[in-house]
Amino acid sequence: MFFARFILFIFLLMGVGDLFSQTILGTVREKGSGLPLPFANVFISNTTLGKATDKDGKFRISGDLPQEIEVVASFVGYITEVKKISTHGKAEIQVEFDLAINESNLTEVQLKARRDKNWEREFRRFEEVFLALPDDPFKPKIEITNPWVVDFEKVKVQGAPNYVKATAQEPLKIINQALGYEVDYYLQEFRVSRGGSRFYGQVFYESMEDDSLNGEWSALRDENYYQPIRFLNQVILLNSRDTAHFRLYHALPERMDRIRTNDLTQEIGVSINRIAADSILRRPMGDGTFRIFLPGRMEVHHVDKLWRNDYYTNVYHAISWIVAPEGFYDVDRNGLLINPTQLILSGYLGRQRMARILPLDFQPLFSFRTTSMEAEIVQNPIGKIDRIREKVWLTTNKAYYYPGETAWIGGQMLYQEPSWSDSLSRVLYVDLLDQDSVYQSFIFPLEEGRVSGGFEIPKSLPAGEYGLRAYTNWSRNFPESDQFLLALPVLNPNLKPKSVSFPEDDIFGGVTVQPSFSISDSLSYRVMDLDMKFLDEFQNPIDTRFVFSLTDGEEVAYIDQNNDLDKALDWLDQELPPDFVPDFFHPIEFGISVRGNFIPDNRRRPLVQPITIVRGDLEDYGQVSSDSLGRFWATGMFYRGTAQIAVAAVNERRRPFGSIELRPFTRPNLPASIPKLDYKTEPRTQEARVLDTSGDYILLEEFVKEEVKERETMADRNYGYGTPNRELGEEELAKMGSWEQVFGKLALFSNYNYGEKTSPPLVILNGQKYPGVHPGEILADLVPAELESIKVYNDNISKSIFGMMGYGGVYMIETKKGFRLDSESDQKFNSEGFQVFSIPGFTEFTEFPNQPPADQLLKRKPTLYWNPFVETEAGSFKTQVKVPYGVKVVRIKLEGRTTDGEVISKVLELRL
């Protein structure tokens, strides 16, 4: 009985259309005159089936057609016409077209002239939504050859999300070198908002012919046939109970009393329920189509597709989500969507773009179950290497300096793959150089991908054209273009640049900045209350992170630094050469590093030994292993200035042996050239010679008084170490009978150490640190029920707070029997037998004095306010600027990105 039902279902899937081919025929005429239009294009949308009309305007198209089709007729200078036709049970269908003349058609020259910076930005976003995602290896192989026909419009909708709309007066001409198709796309609708995007149109495919590529194209077409949603639909239609390709879950509504975890095993039965594919209701509609009913939001696990995801920490395959707003969606016998708007795709299935969409009449030759996307992104070494590249972008408080001035810098890291940012560098190197030598070198920490620093221009430095070079140790493994260069002119004190007009209307990213201010007087200076509002292209408030500089508009001449962030982002499109082979000689640094060689005191001793590194009197501690050549490398220390670092190989009795030789840090070769700015100079009067020097201010720290609970202890405040990743309280610990249960609940340690042997997790028991001791040794005499709390710091939080000691994570444990009021350890380090080295840390610099003392007259200075770490709140940034008396004009420069990733670079001038 089951076999009979299965055969019947297969017959329904085949449909009547498989028994014979259909024919579409008709005539294309000019509307109004009724004259035939010869050589008009007529095609079946989303297929390779199409014909040009003959001299009488007639056409005839035959083939095995889908049940529901769109027949399209187009002709240059006329409005394209689309007719929806049902082919079910019909051998021959007559279709007539009357095309109207397009009165509003613009010439190619007119269309190209309308392009500007905003248009280029919108078009880049259009390509990512329409053609291919940035990390898709097909992206470089597909292009629109007539981009000038696309126009953009911002649409505001009352009571609904605003969006950007794209239109095209002519069909988009697309060359897809990845799959071997020339495509004409008649764009009917394209919209993108902050919440999502969608596009729709009629498409005609024409196969390309190239003897050297036909085989590759055929294979890639076969592979991509099984990627889209139709493969999943076929599994559902064929009543497949189990499949090696998909695992389906019903995503349940979120519970208000529970926070979702990132552990799949904990979520099954709570936030998701496993369902079998054959339990999904599907019903034949009687016209060769089928209706699939979904119980709600579905979570699809592509179990045979290796893929990096951050949704579950213990899942290593691709995940998708599908939602049918109406509760169902319709497909044809091949699993093709009849109406794409019936289904919302996200996750892996949401990656589908024009680069990977095949014509509906395509049939694969082989049954592939792997795809080129996985092969290239997951397995291809160059693809993986390219995704872990990083580059810094910097800006300064002004474009030029004089000897003896202080230069303040700020900026952000750019990542080819943002999801890897937490595992990449925390240390930035900055060099002041000219064409022949490096004058000064600095080291600054990277905090959440951002940098703040400063340095003094030597008073003895001759005037000339200098540059700033910035790089990470990791970026040295890649081409020189991954290092940052910025022109930094140092002028003769007797000269100043001639100001040039700045781009007042130069708004990038569609972001509008609306400044307002008020001025009040005090005894020592004037107080400027500044309020800056940031609005997106829909005039909605948008949050932004940016570098902010405010200078005296009369003292500081404006010259173009040729360094805007928008241009810097072009680096994201620069791929590695196909023949690039990195040696990865320069490892990732999570803090100040120590590199050296272990030299044994006995030839029989192996070179592989545990190396212990101690900073100061146990301010930081770590242990790494030397390799088979005796080399070792340790990273993760955070300190400014120079520190005494003790290093030694230590045996099982904790006694040092052998000797240590440090390897010096080498710097990259000088660049072939340094950038130079285009400016002219003029004499500078003696009266106007004010400088940016931090020493002119008496720096005062601001303290904010907080209410402290009367009995709050150091333990309550986590000993000053901030908020942990995870915490178990007394009530939860009382329910756990073993440490296995505890650590299973707190299994958060997943540091990326790239093969290095690291220290065990640091244990802090009642405020006492136990570096280098395994947690099991300390906890052996304790049971979970005796504890007040266990707090966990893992990954990058522990590295940045605890240095090398926290490289393997941190367990902070409080017992019920008491606590310490401070976190100072009684343990003192005995350095006997260790070799002690002086190792420079992060460069010490004076923070910009935004809060000068109120009881001293504020002198006139070029830079009045500087903040490289500005973050808006609800689209607004408010601050107070202390302005010296006599300042009439201030100039604001802000550069950064919105939370949506849009670039903003703006110069404003305000008259006080």
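Quantities reported herein were computed from a predicted structural model and do not represent experimental measurements.

A short note on the nonpolar core
Stage number 1. One finds L394, L428, V430, F455, I457 and L468 to be the most contacted residues of the largest nonpolar core, which totals 43 residues.
Stage number 2. Elements supplying a minimum of two residues to this core: β22 (390–396), β23 (406–415), β24 (427–433), β25 (438–447), β26 (450–456), β27 (464–471), β28 (484–490) and α9 (565–568).
Stage number 3. The greatest single-element share of this core, amounting to five residues, is contributed by β23.
Stage number 4. Leaving out residues up to four positions away in the same chain, V430 has contacts with L394, I409, Q440, S441, F442, F444, L468, R469 and A470.

Things to note about a negative patch on the surface
Stage number 1. Judged by side-chain charge, E128, D570, D573 and E575 come together as a negatively charged surface patch.
Stage number 2. Topologically, E575 is positioned in the loop between α9 and β33 (592–599).
Stage number 3. Judged by its relative accessible area of 55%, E575 falls in the exposed class.

A short note on the side chain of R450
Stage number 1. Following the sequence through the fold, R450 ends up in strand β26.
Stage number 2. Only 2.8 Å separates the side chain of R450 from the side chain of E871, close enough to count as a polar contact.

Some points on the sheet that holds strand β16 (residues 282–284)
Stage number 1. Sheet architecture is open: three strands sit in the order β16-β17-β20, paired in antiparallel fashion. With one partner strand each, in any of the chains shown, β16 and β20 (328–332) form the two edges of the open sheet. Pairs of neighbouring strands in the sheet enclose a mean axial angle of 25°, with direction left out of account.
Stage number 2. Sheet analysis places β16 next to strand β17 (residues 289–293), joined by three bridges and oriented antiparallel. Bridge pairing links R282 to I292 in β17.

Considering unusual backbone geometry
Stage number 1. For L618, which is not a glycine, the phi torsion comes out positive at approximately 65°.
Stage number 2. Within the fold, L618 resides in the loop between β34 (610–615) and β35 (620–625).
Stage number 3. Even without being glycine, A874 reaches a positive phi, approximately 55°.
Stage number 4. Examined against the element boundaries, A874 turns out to sit in the loop between β47 (863–871) and β48 (876–883).
Stage number 5. The exposed category is assigned to A874, whose relative accessible area is 61%.

Points about the sheet that holds strand β21 (residues 344–347)
Stage number 1. The strand order β15-β14-β18-β19-β21 describes an open sheet built from five strands, whose pairing is antiparallel. Edge strands, defined here as strands with exactly one partner in the open sheet, are β15 (272–275) and β21. Adjacent strand axes in the sheet meet at a mean angle of 30° when their direction is disregarded.
Stage number 2. Here strand β19 (residues 317–323) pairs with β21 via four bridges, running antiparallel. The residue bridging W321 from the neighbouring strand is S346, located in β21.

So, the packing of aromatic side chains
Given two aromatic rings, their pairing is described by the distance between the two centres and the angle made by the two planes.
Stage number 1. For the structure shown, the criterion picks out 34 aromatic pairs.
Stage number 2. Ring plane angle 50° and centroid distance 6.2 Å describe the contact between F59 and F97, whose orientation is recorded as tilted. Here the residue F59 occupies a position in strand β4 (residues 58–63), and F97 occupies one in strand β7 (residues 92–99), the gap between them amounting to 38 residues. When sorted by exposure, F59 lands in the same class as F97, which is buried.
Stage number 3. Ring centres of Y185 and F199 lie 6.4 Å apart, and the angle between their planes is 65°; on these two criteria the pair is classed as edge-to-face.

Some details on helix α4 (residues 214–225)
Stage number 1. Between its first and last C-alpha, α4 extends 16 Å over twelve residues, near the 16 Å set by a 1.5 Å rise per residue.
Stage number 2. Considered for burial, the residues of α4 that qualify are W217, L220, R221, D222, E223, N224 and Y225.

Observations regarding the pattern of salt bridges
Stage number 1. Enumeration over the complete set of coordinates arrives at 29 salt bridges.
Stage number 2. Note that R124 is salt-bridged to D566, the shortest N-O span being 3.5 Å. With R124 in helix α3 (residues 117–130) and D566 in helix α9, this pair connects stretches of sequence that are 442 residues apart.
Stage number 3. Among the residues examined, D566 registers a relative accessible area of 7% and is labelled buried.
Stage number 4. Residue D521 pairs with R526 through a salt bridge whose shortest N-O separation is 3.1 Å.
Stage number 5. Among the charged side chains, a network of salt bridges with common partners joins E448, R450, R545 and E871.

Some remarks on the environment of Q202
Stage number 1. Mapped onto the fold, Q202 is located in strand β13 (residues 196–207).
Stage number 2. A relative accessible area of 2% places Q202 in the buried class.
Stage number 3. In contact with Q202, other than residues within four places in its own chain, are F43, S45, E70, V72, V82, D184, Y185, Y186 and Q188.
Stage number 4. At 3.4 Å, the side chain of Q202 forms a polar contact with the side chain of Y200.

Overview of helix α5 (residues 229–237)
Stage number 1. Counting buried residues along α5, nine of its nine residues qualify, which places the element largely inside the surrounding structure.
Stage number 2. The set of residues buried in α5 consists of I229, R230, F231, L232, N233, Q234, V235, I236 and L237.

Side note on the confidence of the model for the chain
Stage number 1. Chain-level pLDDT for the chain is 81 on average; 82% of the residues reach the 70-or-more range.
Stage number 2. Ignoring residues within four places in sequence, the model shows residues 367–380, a span with pLDDT below 50, making 46 contacts including any to other chains.

Considering the side chain of H586
Stage number 1. Along the chain, the position of H586 falls in the loop between α9 and β33.
Stage number 2. Leave out the neighbours within four places in its chain, and H586 touches N473, W474, R476 and N477.

Some details on the environment of V614
Stage number 1. Looking at the secondary structure, you find V614 in strand β34.
Stage number 2. Taking C-alpha positions, V614 is 8.8 Å from S831, a pair spaced 217 residues apart along the chain.
Stage number 3. Contacts of V614, omitting those with residues within four sequence positions, involve D620, Y621, Q644, I645, A646 and F829.

Procedures and definitions
- Residues numbered from 1 in each chain as written.
- Predicted model: local features only at pLDDT ≥ 70, side-chain atom pairs only at ≥ 80, totals over all residues.
- Heavy atoms only, no water.
- Core = buried A, V, L, I, M, F, W, Y, C linked by side-chain atoms within 4.5 Å.
- Buried < 20%, exposed > 50% of the residue type's maximum accessible area, 1.4 Å probe, protein only.
- Helix = DSSP H or I, 4+ residues; strand = E, 2+ residues; numbered from the N terminus.
- Contact = heavy atoms within 4.5 Å.
- Patch = residues over 30% accessible without salt bridge, like charges linked within 9 Å, V, L, I, M, F, W, Y side chains within 5 Å.
- Areas by Shrake-Rupley, 256 points an atom, 1.4 Å probe, with all protein chains shown as cover.
- Salt bridge = Lys/Arg side-chain N within 4 Å of Asp/Glu carboxyl O.
- Lys, Arg positive; Asp, Glu negative; His and termini not counted.
- Charge placed at Lys NZ, Arg CZ, Asp CG, Glu CD.
- Polar contact = N/O pair within 3.5 Å; in protein donor to acceptor, adjacent residues only side chain to side chain.
- Pairing = 2+ DSSP bridges.
- Axes fitted to C-alpha atoms, helices over the stretch in contact; angles between N-to-C directions.
- Phe/Tyr/Trp six-rings, centres within 6.5 Å; stacked < 30°, edge-to-face > 60°.
- Expected span 1.5 Å × (residues − 1).
- pLDDT = per-residue confidence, 0-100.

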